[in-house]
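# Coordinates in review
One-letter residues, chain by chain:
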Amino acid sequence: MRPKCLFVFAFLLAFSSTYGTYAAAEDNPFKHAFPQPVILIDAGHGGIDGGTSYGDILEKDINLEIGRRLYLILRSHGYRTILNRTGDYALSDDNRWLRSRSRHLRDLAQRKQLSEELPSEIVISLHVNWGKNKSKRGPVVLHQTEGRSAILASSIQNSLDVLYGTSSLPQVGKPFYLLNHVDCPAVIVETGFLSNAQDRAMLHSKRGQQQIAEAIYGGIVQYFTAI
Ligand SMILES: [Zn+2]
């Protein structure tokens, strides 16, 4: 099945015939006609794949904590949201259909498949950065070579920059499998550098994780008002 993106008109028609139900709304005929699109949060890594680390601080745990918080914030504001993992496991464990010996490839393919099976409007993939230069700090948001993804990235980048007191430009994430294989606007949010003491304190504290989740939420809201 083709990847779904609810702003694609052809898909809207295909989806309505697949799912049948059609409730007419007064002003906008599409307003209530289709299942509401969802925001897919991808909590990067999991299970034996810990991502980057500093001592016993693991990227996978930070991604999951921020992901959970972002999920709760979005849900509390009425956004339909899916968090692709709620515990510490690798998505490749669920992947029975791709007979690849590479766990990493199965894991990435599973993330892509999830976004295709759900009528995702946007995909937010959470990660943590690492730099050899320990003074390097701040959030970096990576996007696809596509307009809406770039708008989403700059909205989230600006919002996180305010929180971190930094100013960076979002970047095209060319080598990233997820960005290259998901058709809906998707971004990778590198929430900060685990190699930097100041960022690490933020990424590792409950308060910091909550602030980061709120800043990402602010960026998502900004995106929906901009498009
Ligand atoms: Zn990562």
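The sections below set out a description of the structure shown in this document. (Residues numbered from 1 in each chain as written. Predicted model: local features only at pLDDT ≥ 70, side-chain atom pairs only at ≥ 80, totals over all residues. Heavy atoms only, no water.)

Two numbers describe a pair of packed helices, the interaxial angle and the distance between the axes. Running from amino to carboxyl end, helix α4 (residues 147-164) crosses helix α7 (residues 206-226) at an angle of 140 degrees, the nearest separation of the two axes being 8 Å. Regarding the angle of α4 to α7, the classification is oblique. Relative to α7, the crossing made by α4 is right-handed. Across the interface between the two elements, Arg148, Ile151, Leu152, Ser155, Ile156, Ser159, Leu160, Leu163 and Tyr164 of α4 pack against Gln211, Ile212, Ala215, Ile216, Gly218, Gly219, Ile220, Gln222, Tyr223 and Ala226 of α7. Residue classes in the contact of α4 with α7 are distributed as twelve nonpolar, six polar and one charged. (Axes fitted to C-alpha atoms, helices over the stretch in contact; angles between N-to-C directions. Helix = DSSP H or I, 4+ residues; strand = E, 2+ residues; numbered from the N terminus. Parallel < 35°, antiparallel > 145°, perpendicular 65-115°, else oblique. Left-handed = near helix turned anticlockwise from the far one by under 90°. Contact = heavy atoms within 4.5 Å. Nonpolar A, V, L, I, M, F, W, Y, C, P; charged D, E, K, R; others polar.)

Bringing the coordination of the zinc ion into the picture now. Taken together, the protein ligands of the zinc ion are His45 (NE2), Glu59 (OE) and His127 (ND1), with distances of 2.1 to 2.2 Å. One chain supplies every donor for the zinc ion, spaced along it as H-x13-E-x67-H. With a gap of 14 residues between them, histidine 45 in the loop between β1 (38-43) and β2 (53-54) and glutamate 59 in helix α2 (residues 59-76) connect regions that are remote in the sequence. A residue is classified by how much of its surface remains accessible, and glutamate 59, at 3% relative accessible area, is buried. (Donors = N, O, S within 2.8 Å, 3.2 Å for Na, K, Ca; no water. Buried < 20%, exposed > 50% of the residue type's maximum accessible area, 1.4 Å probe, protein only.)

Estimates place the volume of the second largest pocket at around 280 Å³. Lining of the second largest pocket is provided by 19 residues; of these, His45, His104, Leu108, His127 and Phe176 occupy positions nearest its centre. Those elements that place two or more of their residues in the lining of the second largest pocket are α3 (103-117), β5 (120-129), α5 (177-181) and β8 (186-193). In the lining of the second largest pocket, the residues fall into seven nonpolar, six polar and six charged. (1 Å grid on protein atoms, 1.4 Å probe; cavity = no way out; pocket = protein on both sides within 12 Å on 5 of 7 lines; lining within 4 Å. Points joined across faces, edges and corners; volume = space filled by probe spheres on them.)

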